[in-house]
Amino acid sequence: MRDVSFGQYYPANSFVHKMDPRTKFLFLIVYIAAIFTADNFYALGACAVVFLLSALFSKVPLGSVLRSVKAVLFLLLFTALLNLFFYSGNADAETPLFSWKFITIWPSAVRFAIFLCVRLFLLVLGSSVLTLTTTPVALTDGVESLLTPLKWIKFPVHVLALIMSIALRFIPIFTEETSRIMNAQKARGADFESGGLVKRVKAVIPVLIPLLISAFRRAEELGDAMDARCYSGSNVRTKYKKLRFGWRDLLAAAVAAALLAGVIVLRVML
Amino acid sequence: MKAVSFENVRFSYEKENAETIPDFDTDERVFALSGVDFCVEEREFVAVLGHNGSGKSTLARLIDGLLTPDSGKITVFGKEVNEEDLFEVRKQVGIVFQNPDNQTVASIVEDDVAFGPENIGVPPEEIGERIKFALSAVGMSEFRHSTTTRLSGGQKQRIALAGVLALKPKIMILDESTAMLDPSGRKEVMDAVIRLNKEEKITVILITHFPEEALLADRAIVMSRGKIVLEGKPFEVLTKEEELGKYGLALPASLQICRALRKGGLDVPDCLEPEILAKEMAKAIQKGSAVAIPQLPVSRGRVLDETLDGSITAENLSYTYNPSSPFETHALDGVELTIATGEFFGILGHTGSGKSTFVQHLNALIKLPTAEKKYRPKRKKKGAATKVTRLEVAGYDLTQKTTDFRALRKDVGMVFQYPEYQLFAETVFEDVAFGLKNFAGEKLSSGQIELAVKEALETVGLSYEEVKDRSPFELSGGQRRRVAIAGVIVTKPRVLVLDEPAAGLDPRGKAEIMRLLHSIHEDWCKTVIVVSHDMDEIAENCTRAAVFSGGKVFAVGAPKAIFFEKIRETGLDLPFTAKVERALERYGVYLDSDLTRADFVQKALKEAAKYA
C-alpha cells in the first residue's frame, strides 16, 4: 500500500514544476483530447512522445510516474480482456485467431485491446505528471481561477477548490491508515485473500467501518483547526501565491496546439 | 490586563453523550464545565492538568469560541467571546491540537503556514514575511518548501505551531500537543513553546499529562469533573499527593521516590529534577542516618515450567521498503535478537528506528520473501556465502512458506498503537469475539465463545454484563482501548506484542494498562513484548529490553545494562532513576540498582546504612 504515488507531489525544481498550474491543467485537457482523437498507433505515438517529454522536463524519475499506473492496472487489464473477448471482427476480411464455443478472438480484437490499453495508460500517466509536479494548493488555485466564470452564477468555486485540495492531501494519510487497520484485523485472523466474492466483500467490513469513523473524526478535528485559524470562506481572503503566466506557459501552449493539430491531421490522412 | 477570564462558566454537551458509564478515564464528552472561574494574565505560562475527561479540552475550545458556553462570561483581552467578535478573538488566540495530521490543510509547509494569514486578508507580500518569521520562531526555516507528509511528528507539530503563529496571536493554547510524539519530538515542541513565551511574550496555556512539562509553567491548574480543583505554583501542585490521587492523577515518579526515601528515614526534600535529587541524596546518604530498609515486593519475571514455546529468535533479519525506488528505505538491517520464553520484554527506539517493522514481522504481517507463496529459491552463486536469515517465533519457523500462518497469528497476539480505532462491530461482544471466530472457525460452540469473551472482558477490567450489548463507540476512550485489547487476548496468545499500549492515556490509565499486562503475563501469557517511547515505563516493567536504531539492534539487555550514556546517541533519554544514579556517581555514591523505583530506594537506603 505504501507505493501508491497517485496524487502525491514530488518536489523538484524543473521546467514543468515552474509552469502555471492553469497551463498544466489546460495542457492536460488538450492532451486527453488528443488521445481520444487519435485513431491509429502513429497518433498515439505522438501523444506518447509528448508524455515522455513532459516527464523528462519534470525531473520526476520515470519509475515514480510509471508507478501511478499500478493503482489502476487491474482495471486496465480487465477492460482490455473484455474487449479482447467481445470485440467482434469482420468475418469477411479476417480469420479468427482462436475459437472455442462462444468465445472467438479476432486479430482486430487483439489490435483494439492493445490500442485501448495504451490509450488508457497514456491517460493515467499524463494525469499523474500533473499531480506529481503540482502541489495540491497550486492545483486548486488553478482550478479555482479557471472556474472563476462560474462565480457569476453563484457557484461556490472556492469551496469546491478547497474540498479538492484537502481530499488530495488526505490520500496518503488514508492509504497508510487503511494498511494499518488491515494489518490489525489480519492480526485478529481476518482473511482478505481467500474465499468467494461474498466472503471477500464481508471481509472488508471490519476495515471499512473503522476507516469511515476515522474519516469523520479527522474531518471534525480538521474543521476545528481551520476554524481556529480564522477560516470563514469569506471575501476578505487573500492569496499568498499569485498565479502568473510566463514564457514556459507559451511554449507549453505551442506544444499542446502542435500535438492536437498533428493528431487531427494523422486521423484525416490515414 | 487579563489575557483570558472566565466567570462562572457552565457548559454541557448533548444529552446522548451523557449516557456513557461514568468512569475516571472517560473522554471529554461526559463531563462538561460546571461553574468555572479562571483567569490568565498577559504573558503568563499556565499549565492545565487533569484526568481524561476532566474538561481541559472543553476549556480550550471555549476560549477560542469553538464552543459557546451555556451560561457565564468569557473574555479575551477584555472583549467578550461571542458570535460577532469571533474573528477578532481567533486572531488573538491560537490553538495547536493533538494530532498533527488533522490540522494541516496544505501539502507544502509554506502553503500551510500561509493558510491563516490568507483567511484574515493579509496582503501577499506581508504573508511572505510572516511565514519567514513563524518558521524561524519554531526552528523550521529550512523546511519551508518541504512536503508536510514526509516530516516527523515533532516537525509536523512545529509546523502547526508556525501556522498558528503566522496569525500573530497573543495567546497560544496547546491542547495535549505533545501527547502523540516521541521524547525528542516532545522536547522540540516544548523548546519552541518556551521560546515563544520568553522572547515573543506570548501568553501560553499548556494542557498536558506530563508533569515535567507542567513544571516549566508559571502556574499550574488541576481540573477534575468540569471544575478547577487545585491551583498554584507547579511544584506545589505536583507535590500534593493526596489531592492528586483524589482527582485521578498521580504523584510524578520522581516524587514517589523522594517520599519512599523519606519514609525509609533518609532526609531528602521533594525534588523533581534528577540533578538536585542526586545532590540531596548524596548529602543525606553520606551523613549517615538510621534507616529502615523495606522488603522488596515479589521479584520481577517468573520462573515457570515452560512447556509451551514463547521464544523469539531473529538472525540477520533485513527489510527494505520500496526497494530500488527513490523512496527506498532500509527499515531493518541485519537484526539479531533473541527473546526467551517468559520475558516481559521492552522494545525502544526513535520513530523510524525499525522497531515497528520488526514487530510486524513477529506475526507475519510482513512476511519474509522466502515465506511468500510465489517464492522460488534462486540458484546460489558461487562464492557468495551470505549469512542465513532465521526467524522463529513461538516455535514457528517464519522463513518457510509451509508454516501455518493462521495458527501463528492465533498464538502471537498483536495490539497496535491506538487499538480503539480498529473497533468496528455493532456490539462489544461481537467485536471481542471477532478474532476468536476467525481463528476457531465453526469449532467453538456459542457457549464456549461466550465464556472466552466474558473472561477477556473481565481480564481487562470491564463488567461483561454491563458492556457486552453496548456499541463500542458509545464507550469512553479508555474503555474502548480496553475492549480492543480484550479482542486480541481473547484467543490467549502465547506471545503478546503491544505497540505503545499506554499512549495518550492519563497517568492513572497508563498505570492500569501496565498492571493489566503484568497480570496477563503472570496468569497465562508466556512472553509479553511492549514497544514504548517511555523510558521510565520500560525501566519499571521490563526484564530486558532492546534499543533499535537505524534498523539495527543498538543495545540489548536488562534495563540497567542498556540505559547508559551512549543511548542518547539514538535520540532516546535515560529513565529518571538512571539519571539520578549517574549524577550520584559524581558524588562518589554507587547504587547499581535494577532501575525500578523500589530497588532504587532500597539500594539507596542500604548505602545510607553503611555510613550510619
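What you see is a predicted model, and the numbers here were worked out from it, not measured in a lab. (Residues numbered from 1 in each chain as written. Chains lettered and ligands numbered in written order. Predicted model: local features only at pLDDT ≥ 70, side-chain atom pairs only at ≥ 80, totals over all residues. Heavy atoms only, no water.)

**What to know about the packing of aromatic side chains**
- Taken as a whole and assessed by the stated rule, the structure comprises twelve aromatic pairs over all chains.
- Both rings, one in Phe-170 of chain A and one in Phe-174 of chain A, keep their centres 5.9 Å apart while their planes meet at 40°; by these two values the pair is tilted. With Phe-170 of chain A and Phe-174 of chain A both in helix α8 (residues 157-187) and four residues apart, this pair spans about one turn of that helix.
- Judged by its relative accessible area of 22%, Phe-174 of chain A falls in the partly exposed class.
- Taken together, the ring pairs connect Phe-15, Phe-57 and Trp-247 of chain A into an aromatic cluster.
- Cation over ring: Arg-22 of chain A sits above Phe-245 of chain A, and NZ or CZ is 4.3 Å from the ring centre.
- Stacked on the ring of Tyr-421 of chain B, the Lys or Arg Arg-217 of chain A has its end atom at 3.9 Å from the ring centre. (Phe/Tyr/Trp six-rings, centres within 6.5 Å; stacked < 30°, edge-to-face > 60°. Helix = DSSP H or I, 4+ residues; strand = E, 2+ residues; numbered from the N terminus. Buried < 20%, exposed > 50% of the residue type's maximum accessible area, 1.4 Å probe, protein only. Lys NZ or Arg CZ within 6 Å of the ring centre and 35° of its normal.)

**A few points about the pairing of strand β19 (residues 544-549) of chain B**
All names here are of chain B.
- Sheet analysis places strand β13 (residues 344-349) next to β19, joined by five bridges and oriented parallel. Its bridge partner lying in β19, Gly-349 is registered against Phe-548.
- Direction of pairing for β19 relative to strand β20 (residues 552-557): antiparallel, over a ladder of five bridges. Residue pairing in the sheet places Val-547 in a bridge with Ala-555 of β20. (Pairing = 2+ DSSP bridges.)

**Looking at the interface of chain A and chain B**
- Taken residue by residue, the interface counts 53 residues in chain A and 66 residues in chain B.
- Summed over both sides, the interface of chain A with chain B buries roughly 5,200 Å², with 56% coming from carbon and sulfur.
- The largest per-residue losses of area from chain A upon contact with chain B belong to Arg-188, Arg-229 and Tyr-240 of chain A, which jointly make up 20% of the total buried on that side.
- Where chain A meets chain B, there are four salt bridges.
- The residue Asp-112 of chain B makes a salt bridge to Arg-229 of chain A at a minimum N-O spacing of 3.6 Å.
- Counting across the interface, chain A meets chain B through 21 residue pairs in polar contact (both at pLDDT 80 or more).
- Among the secondary structure elements, those contributing two or more residues to the side of chain A that touches chain B are α4 (62-67), α7 (136-146), α8 and α9 (197-228) of chain A.
- Looking at the side of chain A that touches chain B element by element, the count peaks at 14 residues for α9 of chain A.
- Among the residues forming the side of chain A that touches chain B, the class breakdown is 26 nonpolar, nine polar and 18 charged. (Contact = heavy atoms within 4.5 Å. Buried area = accessible area lost by both parts, 1.4 Å probe. Salt bridge = Lys/Arg side-chain N within 4 Å of Asp/Glu carboxyl O. Polar contact = N/O pair within 3.5 Å; in protein donor to acceptor, adjacent residues only side chain to side chain. Nonpolar A, V, L, I, M, F, W, Y, C, P; charged D, E, K, R; others polar.)

**Here's the deal with the pattern of salt bridges**
- The tally for this structure, following the rule as stated, stands at 47 salt bridges over all chains.
- Note that Glu-118 of chain B is salt-bridged to Arg-237 of chain A, the shortest N-O span being 3.1 Å. Residue Glu-118 of chain B is located in helix α3 (residues 109-119), and its partner Arg-237 of chain A is located in the loop between α9 and α10 (247-269); the two belong to separate chains.
- Classification of Glu-118 of chain B by relative accessible area gives buried; the value is 10%.
- Notably, a salt bridge pairs Lys-468 of chain B with Asp-469 of chain B, separated by 3.7 Å at the nearest N-O pair.
- Among the residues examined, Asp-469 of chain B registers a relative accessible area of 58% and is labelled exposed.
- Overlapping salt bridges bring together Glu-241, Arg-259, Arg-262 and Asp-270 of chain B as one network.

**Comments concerning α10 of chain A**
Residue and element names in this part refer to chain A.
- Taking 1.5 Å as the rise per residue, α10 with 23 residues should run 33 Å; its terminal C-alpha atoms sit 33 Å apart, in good agreement.
- Those residues of α10 not exposed but buried are Arg-248, Asp-249, Ala-252, Ala-256, Leu-259 and Val-263.
- Taken together, the buried residues of α10 touch α1 (15-18), α2 (21-37) and α3 (41-58). (Expected span 1.5 Å × (residues − 1).)

**Quick word on the sheet that holds strand β1 (residues 2-11) of chain B**
Residues and elements named next belong to chain B.
- Across the sheet, four strands lie side by side as β2-β1-β4-β5; this open sheet has antiparallel pairing. The open sheet has two edge strands, β2 (33-41) and β5 (79-80), and neither has a second partner.
- Pairing of strand β4 (residues 71-76) with β5 involves two bridges; the strand directions are antiparallel. Bridge assignment links Val-76 to a residue of β5, and that residue is Lys-79.

**Looking at the nonpolar core**
Residues and elements named next belong to chain B.
- Among the nonpolar cores identified, the biggest contains 74 residues, and Val-113, Leu-161, Met-172, Leu-261 and Met-281 are the most heavily contacted of them.
- Excluding residues within four positions of it along the chain, Leu-161 makes contact with Val-96, Val-138, Met-172, Leu-174, Ala-192, Val-193 and Leu-196.
- If you look at the next biggest cluster of nonpolar residues, it comprises 52 residues, including Val-415, Leu-462, Ile-485 and Val-528. (Core = buried A, V, L, I, M, F, W, Y, C linked by side-chain atoms within 4.5 Å.)

**Examining the environment of Glu-343 of chain B**
Residue and element names in this part refer to chain B.
- Secondary-structure assignment places Glu-343 in the loop between β12 (329-339) and β13.
- Here Glu-343 falls in the buried class, since its relative accessible area comes to 9%.
- Residues Glu-343 and Ser-476, 133 residues apart in the sequence, show an inter-C-alpha distance of 32 Å.
- Discounting residues that sit within four places of it in the chain, Glu-343 has contacts with Thr-338, His-521, Lys-526, Thr-527, Val-528, Thr-543 and Arg-544.
- From its side chain, Glu-343 meets the backbone nitrogen of Ala-340 in a polar contact 2.8 Å long.

**So, unusual backbone geometry**
Residues and elements named next belong to chain B.
- For Glu-176, which is not a glycine, the phi torsion comes out positive at approximately 50°.
- Tracing the backbone through its elements, the reader meets Glu-176 in the loop between β7 (171-175) and α6 (183-199).
- Classification of Glu-176 as buried rests on a relative accessible area of 8%.
- At Lys-201, a position not held by glycine, the phi torsion is positive, near 60°.

**Points about the packing of α2 of chain A against α10 of chain A**
Residue and element names in this part refer to chain A.
- Two numbers describe how α2 lies on α10: the axes approach to 9 Å, and their chain directions differ by 10°. When the axes of α2 and α10 are compared, the pair comes out roughly parallel. Side by side, α2 and α10 meet where Thr-23, Phe-27, Val-30, Tyr-31, Ala-33, Ala-34, Phe-36 and Thr-37 of the first sit next to Asp-249, Ala-252, Val-255, Ala-256, Leu-259, Leu-260, Val-263, Ile-264 and Arg-267 of the second.
- Its residues placed into classes, the contact of α2 with α10 shows 13 nonpolar, two polar and two charged. (Axes fitted to C-alpha atoms, helices over the stretch in contact; angles between N-to-C directions. Parallel < 35°, antiparallel > 145°, perpendicular 65-115°, else oblique.)

**A closer look at the confidence of the model for chain B**
All names here are of chain B.
- When pLDDT is averaged along chain B, the result is 86, and 93% of the positions lie at 70 or above.
- The model gives residues 15-31 a pLDDT under 50, and that stretch makes 53 contacts with residues more than four places away or in other chains.
- Interface predicted TM-score (ipTM) for the complex: 0.84; the corresponding pTM is 0.80. (pLDDT = per-residue confidence, 0-100.)

**Regarding the confidence of the model for chain A**
Residue and element names in this part refer to chain A.
- Here chain A shows a mean pLDDT of 84. Residues at 70 or above account for 96%.
- Of all secondary-structure elements in chain A, the lowest mean pLDDT belongs to strand β1 (residues 98-100), at 74, while α2 reaches the highest, 91.
- Across residues 1-6 the pLDDT falls below 50, and counting only partners more than four positions away or on other chains, this stretch makes 16 contacts in the model.

**Concerning the sheet that holds β12 of chain B**
Residues and elements named next belong to chain B.
- Across the sheet, four strands lie side by side as β12-β11-β14-β15; this open sheet has antiparallel pairing. Every interior strand has two partners, whereas the edge strands, β12 and β15 (396-397), have only one.
- The pairing of strand β11 (residues 312-321) with β12 spans seven bridges and is classified as antiparallel. Note that in β12 the partner of Leu-317 across the bridge is Val-335.

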